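# Architecture at a glance
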Amino acid sequence: METGPDFELLKDAYAIIDGIPETAIALGALRIARGETLAKGTICSPAGWLAQHPKFMALGLSMSDDGNHLLFRDEPSASATPARVMARVFALPEADADRLFGDRETYTLGDDSGLSDKRLWLHEVRDYLKEHQQIDEDFEERLETRGPFAEPMNSSEIRAI
């Protein structure tokens, strides 16, 4: 029996990534930089951050020690792309997972949007949720007033794209 995407889990992922500083998110490799702690100097893609979050770790998502591969339920995934692994985590069709967890160029606003990697990812996930009627009006209004186009508290901290 096939089940559809786990929209509630995707909303949880949105909230998790929304809470990570702009400068700590970079699309592309799972982990771009490894700091002395997660909170100090670590830079990851959204999938990389989720693989280090307790909620997603409890579901079986993790990252290889070298930070180059995602693992799901400890199954080797060296040949699987992050999008393919995330498709399994969220029960997404592979095309949708490619859209949400692919390279920056896969996003609808594209590389010329002027948005930080974090804001671009949040925008894409929000659009995906809206397309599937998963955002109610109250939630949408809260999003519109603070993100994904809202300026961060200190705009000088945004990493140059």
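Each remark here, short or long, concerns the structure printed above.
These notes cover the structure that comes with them. Keep in mind that what you see is a predicted model, and the values were worked out from it rather than measured. (Residues numbered from 1 in each chain as written. Predicted model: local features only at pLDDT ≥ 70, side-chain atom pairs only at ≥ 80, totals over all residues. Heavy atoms only, no water.)

## Digging into the overall build of the chain
Here is the rule we go by: For helices the rule is a DSSP run of H or I covering at least 4 residues; for strands it is a run of E covering at least 2, with both sets numbered from the N terminus onward. What makes two residues a contact is simply this: any of their non-hydrogen atoms within 4.5 Å. Residue-level accessible areas treat just the shown protein chains as cover; the underlying method is Shrake-Rupley with a 1.4 Å probe.
When you go through the chain residue by residue, the secondary structure sums to 7 helices and 4 strands. In the chain, the order of α-helices and β-strands from amino to carboxyl end is α-β-β-α-α-β-β-α-α-α-α. The long-range fraction of contacts in the chain, counting pairs at least 24 apart against all pairs at least 6 apart in sequence, stands at 49%. Carbon and sulfur atoms make up 50% of the accessible area of the chain, which amounts to about 8,800 Å² in all.

## Remarks on the packing of aromatic side chains
To keep things clear, this is the line we draw: Between rings of Phe, Tyr and Trp, where Trp is taken as its six-membered ring, a pair exists when centres lie within 6.5 Å; planes separated by under 30 degrees are stacked, by over 60 edge-to-face, and by other angles tilted. To sort residues, take the accessible area from a 1.4 Å probe on protein chains only and compare it with the maximum for the residue type: under 20% means buried, over 50% means exposed, and anything in between is partly exposed.
Counted by the stated rule, this structure contains 4 aromatic pairs. With centroids separated by 6.3 Å and ring planes inclined at 40°, the aromatic side chains of F7 and Y128 adopt a geometry described as tilted. Pair noted here: F7 is in helix α1 (residues 7-18) and Y128 is in helix α6 (residues 117-131), with a separation of 121 residues, a long-range link. Just as F7 is buried, Y128 falls in that class too. Aromatic side chains F90 and F101 sit 5.6 Å apart centroid to centroid with 15° between the ring planes, which places their arrangement in the stacked category.

## What about unusual backbone geometry?
Of note in this structure, A91 is not a glycine but carries a positive phi near 55°. Structurally, A91 can be placed in the loop between α4 (82-90) and α5 (94-101). Its relative accessible area of 30% is what places A91 among the partly exposed residues. Of note in this structure, Q133 is not a glycine but carries a positive phi near 50°.

## Re α6
Cut-off, in case you're wondering: Helix span is expected to be 1.5 Å times the residue number reduced by one.
Helix length check: α6 (15 residues) gives 21 Å between terminal C-alpha atoms against 21 Å at 1.5 Å per residue, within 8%. A large share of α6 lies buried, amounting to 13 of its 15 residues. Two residues or fewer past α6, Q133 is found with a positive phi of approximately 50°.

## Focus on the environment of L59
Relative to the assigned elements, L59 resides in helix α3 (residues 54-59). For the pair L59 and R73, spaced 14 residues apart in sequence, the C-alpha separation works out to 7.6 Å. If sequence neighbours within four positions are ignored, L59 has contacts with L9, F72 and R73.

## As for the nonpolar core
The following threshold applies: Nonpolar cores were defined as sets of buried Ala, Val, Leu, Ile, Met, Phe, Trp, Tyr and Cys residues, with membership established by side-chain atoms within 4.5 Å.
In terms of nonpolar packing, the biggest core is built from 40 residues, with L50, F56, L61, M86, F90 and F101 touching the most fellow members. Breaking this core down by element, the ones donating at least two residues are α1, α2 (46-50), β3 (61-63), β4 (70-72), α4, α5 and α6. The contact partners of F56, leaving out residues within four places of it in the chain, are L9, A13, I16, L50, L61, V89 and F90.

## Overview of the pattern of salt bridges
The cut-off we apply is this: Definition used for salt bridges: Asp or Glu carboxyl oxygen within 4 Å of a side-chain nitrogen of Lys or Arg.
For the structure on display, the rule yields 8 salt bridges. The partner of E8 in a salt bridge is K11, and the shortest N-O contact between them spans 3.3 Å. Placement of the pair is E8 and K11 together in helix α1, with a separation of 3 residues, close to one helical turn. Across the pair K55 and D12 runs a salt bridge whose closest N-O atoms are separated by 3.0 Å. Taken together, the positions of K55 in helix α3 and D12 in helix α1 put the pair 43 residues apart, joining distant regions of the chain. Linked through salt bridges whose partners overlap, the residues forming this network are D18, E22 and R119.

## Things to note about α5
For the record, the criterion: Arc definition: it is the arc formed by the directions from the helix axis to the C-beta atoms.
Looking only at α5, the buried set comprises D96, A97, R99, L100 and F101. Take α5 and look down its axis: the buried residues cluster within an arc of 165°, on one side only.

Taken by themselves, the reported measurements are silent on function.
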